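Here is what each chain is made of, one letter per residue.
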Amino acid sequence: MNALRRQFAAELDQITRDAYRRVCHLNTAISQISFPEVREALRAEKERVYEAMRTSHKYNRLCYLQQLELLENEYRLHLAAHPSKSQQRRLAADAV
């Protein structure tokens with residue numbers, strides 16, 4: 001689970017880094033262009049990049065939560081099939 005959490009955090013960082021790098025390039029282009037139509041198009045592209053970043057974050061979080069839930073379910077099934085020694089002792093004590 002810890003490795004999954006680390007992978008999720010690394011993927012979020014990478015998505016954010018890539019988006020902000022692209023936005024930085026767009027900001028540089030916006031500041032150097034004098035045509036209003038081109039500036040508006042670049043600003044629209046910048047908003048599209050931000051929206052894509054938010055969508056990627058949502059999708060990444062959804063995938064992470066699904067994987068976490070599957071791991072937890074698998075762990076519960078394992079514990080049910082292979083009780084610990086203390087659980088076995090409790091069951092034996094309850095049976096007596």
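Refer to the structure printed above.
Residues numbered from 1 in each chain as written. Predicted model: local features only at pLDDT ≥ 70, side-chain atom pairs only at ≥ 80, totals over all residues. Heavy atoms only, no water.

A. Representation of the overall build of the protein chain within the structure. A tally of helices and strands in the protein chain yields three helices and zero strands. Listing each helix as α and each strand as β along the protein chain from the N terminus yields α-α-α. In terms of overall dimensions, the protein chain is more spread out than a globule: its C-alpha atoms have a radius of gyration of 25 Å, far above the 12 Å expected for 96 residues. Viewed in the frame of its principal axes, the protein chain has a C-alpha envelope of about 85 × 15 × 15 Å. (Helix = DSSP H or I, 4+ residues; strand = E, 2+ residues; numbered from the N terminus. Rg over C-alpha atoms; globule rule 2.2 N^0.38 Å.)

B. Examining the packing of aromatic side chains more closely. One pass over the structure, following the stated rule, counts two aromatic pairs. When the centroid spacing of 4.4 Å and the interplanar angle of 15 degrees are considered together, the rings of Phe8 and Tyr64 count as stacked. With Phe8 in helix H1 (residues 2–32) and Tyr64 in helix H2 (residues 36–81), this pair connects stretches of sequence that are 56 residues apart. This pair shows no difference in class: Phe8 is buried, exactly as Tyr64 is. (Phe/Tyr/Trp six-rings, centres within 6.5 Å; stacked < 30°, edge-to-face > 60°. Buried < 20%, exposed > 50% of the residue type's maximum accessible area, 1.4 Å probe, protein only.)

C. Summary view of the environment of Tyr59. Structurally, Tyr59 is set in helix H2. Judged by its relative accessible area of 56%, Tyr59 is exposed. On a C-alpha basis, the gap between Tyr59 and Leu4 in space is 15 Å, while along the polypeptide they are 55 residues apart.

D. Molecular detail of the nonpolar core. In this structure, Ala19, Val23, Leu26, Ile30, Leu42, Val49 and Met53 together form the largest nonpolar core, which totals seven residues. Listing elements by their share of this core, those giving two or more residues are H1 and H2. (Core = buried A, V, L, I, M, F, W, Y, C linked by side-chain atoms within 4.5 Å.)

E. Examining the packing of H1 against H2 more closely. At a minimum axis separation of 10 Å, H1 and H2 run at an interaxial angle of 180 degrees. Relative to H2, the element H1 is oriented roughly antiparallel. Taken together, the residues of the contact of H1 with H2 sort by class into 17 nonpolar, seven polar and nine charged. (Axes fitted to C-alpha atoms, helices over the stretch in contact; angles between N-to-C directions. Parallel < 35°, antiparallel > 145°, perpendicular 65-115°, else oblique. Nonpolar A, V, L, I, M, F, W, Y, C, P; charged D, E, K, R; others polar.)

F. Structural detail: the pattern of salt bridges. Taken as a whole, this structure holds six salt bridges when the rule is applied. A salt bridge links Glu45 to Arg48, with the nearest nitrogen and oxygen atoms 2.9 Å apart. Of this pair, Glu45 and Arg48 both sit in helix H2, three residues apart, which is roughly one turn of the helix. Arg48 sits in the partly exposed class, given a relative accessible area of 43%. Connected through salt bridges with shared partners, the residues Arg22, Glu45 and Arg48 form a single ionic network. (Salt bridge = Lys/Arg side-chain N within 4 Å of Asp/Glu carboxyl O.)

G. Just H1, in detail. Here H1 is 31 residues long and its end C-alpha atoms lie 45 Å apart, about the 45 Å a rise of 1.5 Å per residue gives. Looking at the buried residues of H1, the elements they touch are H2. (Expected span 1.5 Å × (residues − 1). Contact = heavy atoms within 4.5 Å.)

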